[in-house]
Amino acid sequence: MKRGMFMLAAILLASCTAVEVEPIPGSITYNGQPRTKLTKSPAGSTFSHTFHDQRGNYWSETYQIQPDRSLKIISRRRAEDFRLNENGRL
């Protein structure tokens, strides 16, 4: 019985895949990667971007610079508890 449960757990874990966060309107990568590359920031470093969508919802995304200098969204959260200043920052 224990072996069967272990095998089932192993199969379930093996079938899990990481879900990528897809860009939404307002994301830096919404229309593809930006034309300019971040050449001075080291690969693996992260930065945040805050914006509001067409419905007035505020979002905060965290990007990671990849080894090829492209950007990857690693997290997004709805920032409903925060107010943005005039520069669009939290």
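Everything that follows concerns the structure shown earlier in this document.
Residues numbered from 1 in each chain as written. Predicted model: local features only at pLDDT ≥ 70, side-chain atom pairs only at ≥ 80, totals over all residues. Heavy atoms only, no water.

A. Seen up close, the sheet that holds strand β3 (residues 71–78). With respect to topology, 3 strands assemble into an open sheet ordered β1-β2-β3, the strand pairing being antiparallel. The sheet terminates laterally at β1 (46–52) and β3, the two strands that pair on one side only. Direction aside, the axes of adjacent strands within the sheet are offset by 25° on average. Bridge count for β1 against strand β2 (residues 58–65) is 7 bridges, and the pairing is antiparallel. Pairing of F51 across the sheet is with W59, part of β2. (Pairing = 2+ DSSP bridges. Helix = DSSP H or I, 4+ residues; strand = E, 2+ residues; numbered from the N terminus. Axes fitted to C-alpha atoms, helices over the stretch in contact; angles between N-to-C directions.)

B. Expanded view of the side chain of H49. Checked against the element boundaries, H49 lands in strand β1. According to the relative accessible area criterion, H49 is buried, its value standing at 17%. Reaching out from H49, the side chain makes a polar contact with the backbone oxygen of G26 at a distance of 3.0 Å. (Buried < 20%, exposed > 50% of the residue type's maximum accessible area, 1.4 Å probe, protein only. Polar contact = N/O pair within 3.5 Å; in protein donor to acceptor, adjacent residues only side chain to side chain.)

C. Quick look at unusual backbone geometry. The phi dihedral of R69 falls on the positive side, at around 75°, and the residue is not glycine. On the secondary structure map, R69 appears in the loop between β2 and β3.

D. Quick look at the pairing of β3. With 7 bridges joining them, β2 and β3 adopt antiparallel strand pairing. Residue pairing in the sheet places Y63 in a bridge with I73 of β3. Taking the residues between adjacent antiparallel strands as the criterion, β2 and β3 are bridged by 5 residues, where R69 takes a positive phi near 75°.

E. Expanded view of the pattern of salt bridges. For the coordinates displayed, the defined rule picks out 1 salt bridge. Between E61 and R76 there is a salt bridge whose closest N-O contact spans 2.8 Å. Of this pair, E61 sits in strand β2 while R76 sits in strand β3, placing them 15 residues apart in sequence. A relative accessible area of 0% places E61 in the buried class. Given the relative accessible area of 25%, R76 is considered partly exposed. (Salt bridge = Lys/Arg side-chain N within 4 Å of Asp/Glu carboxyl O.)

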